[in-house]
Amino acid sequence: MGLIFPVTYAAVLSNQPASAFFFLAGLAVLTQKSKGSGPISGQADAKRTVQRSRKADIERISRRSEKTGRGSDLIKSVLAGLLIAAGNILRPEGIVVMAALLLAFLFHLLKPENEKRSLIAARALILAVIYFGANFLASESIISRGINPKGLSNNNMLWKFVAGLNYDSNGTFSMEDSKLVYDKTITLEQREAIQRSLIEERLKMGPRKLLTLFVNKEHYLWSGNPLFWSVRHLEN
């Protein structure tokens, strides 16, 4: 009987749950509605005081509320950028989150009735600067400390396709592939050639085997026993 995926998966893939936590935390911070954010909230505050305040007081309260909301939104963009950057440092998938967010900001900017274009543009710019800046500083720190001369850059983008298309291992890690691709006696050019050859060969397996491969991958990743594909290659 397969183990329950949410329980075992979180315990096995150490960097994915932590990375997802930071991504979701960043999204939660960024999308949280500020108390008194923007003209809608400001008008609501003004309406609540209409019976006991003069018109000038109402306008003053509304402006103060909008100003407070703008400052809060900008701070949230800074925090969200840091959180999403932390998730990307743990697992390099932050660019997907950032692309979606920047696209959402762009849609808001293109709304003809939108009166807050400057605020939206400022939030998008701050989010991007903080995210890319934090990643750059983290990468430079790793390089300067001698941990990895390449920092956070992905030096082998083909490996995931090699592993994911391996029919015999059901698209999971293969020690045979690892030994072949990461043989220390071959050059980087030879490694790339080997990987491209493996990918091309495996893409020719035919639609039936390719479909079976993806069905098996979904089974092992979502409903099977994750201990099998995650630690089976380790020695006892």
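Residues numbered from 1 in each chain as written. Predicted model: local features only at pLDDT ≥ 70, side-chain atom pairs only at ≥ 80, totals over all residues. Heavy atoms only, no water.

A. Seen up close, the side chain of R191. Inspection of the secondary structure assignment puts R191 in helix 9 (residues 188-203). Contact partners of R191, with chain neighbours within four places excluded, come to N156, V181, Y182, D183 and I186. (Helix = DSSP H or I, 4+ residues; strand = E, 2+ residues; numbered from the N terminus. Contact = heavy atoms within 4.5 Å.)

B. Molecular detail of helix 5 (residues 94-109). Helix length check: helix 5 (16 residues) gives 22 Å between terminal C-alpha atoms against 22 Å at 1.5 Å per residue, within 8%. Restricting attention to buried positions, one finds in helix 5 the residues G94, V97, M98, L101 and F105. Down the axis, helix 5 shows its buried residues gathered within 95° of arc, on one side only. Turned more than 90 degrees away from the buried face of helix 5 sit V96 and F107, all of them exposed. (Expected span 1.5 Å × (residues − 1). Buried < 20%, exposed > 50% of the residue type's maximum accessible area, 1.4 Å probe, protein only. Arc of directions from axis to C-beta.)

C. Summary view of the packing of aromatic side chains. Applying the stated criterion to the full structure yields 4 aromatic pairs. Each ring, one from F21 and one from F22, has its centre 5.3 Å from the other, and the planes form 75°; the classification is edge-to-face. You can call F21 exposed: its relative accessible area is 52%. F22 sits in the partly exposed class, given a relative accessible area of 25%. Between W159 and F173, the aromatic rings sit 6.4 Å apart at their centres with planes inclined by 65°, giving edge-to-face as the arrangement. One end of the pair, W159, is in helix 7 (residues 159-164); the other, F173, is in the loop between helix 7 and helix 8 (175-181), and 14 residues separate them in sequence. Judged by relative accessible area, W159 falls into the buried class, the value being 16%. Accessibility expressed as a relative area gives 29% for F173, which makes it partly exposed. What links up through ring pairs into an aromatic cluster is the set W159, F173 and Y182. The positively charged end of K209 is found above the aromatic ring belonging to Y167, 4.5 Å away from the centroid. (Phe/Tyr/Trp six-rings, centres within 6.5 Å; stacked < 30°, edge-to-face > 60°. Lys NZ or Arg CZ within 6 Å of the ring centre and 35° of its normal.)

D. Region of the structure containing helix 2 (residues 15-31). Taking 1.5 Å per residue, 17 residues should reach 24 Å; helix 2 reaches 24 Å between its end C-alpha atoms and fits that length. Turning to helix 2, its buried residues number three or more, namely Q16, S19, F23, A25, G26 and L30.

E. Layout of the nonpolar core. Counting 15 residues, the largest nonpolar core has L30, I84, M98, L101, F105 and L127 as its most contacted members. Of all the secondary-structure elements, those providing two or more residues to this core are helix 2, helix 4 (55-90), helix 5 and helix 6 (117-144). Take this core: its biggest share by element is 6 residues, from helix 6. Residues contacting L30, with those up to four places away along its chain left out, are K76, S77, A80, L101, F105, R123 and L127. Core analysis: the second largest hydrophobic core is formed by 10 residues, A163, L165, V181 and I199 among them. (Core = buried A, V, L, I, M, F, W, Y, C linked by side-chain atoms within 4.5 Å.)

So far we have only geometry, and geometry alone does not tell us how the molecule works.
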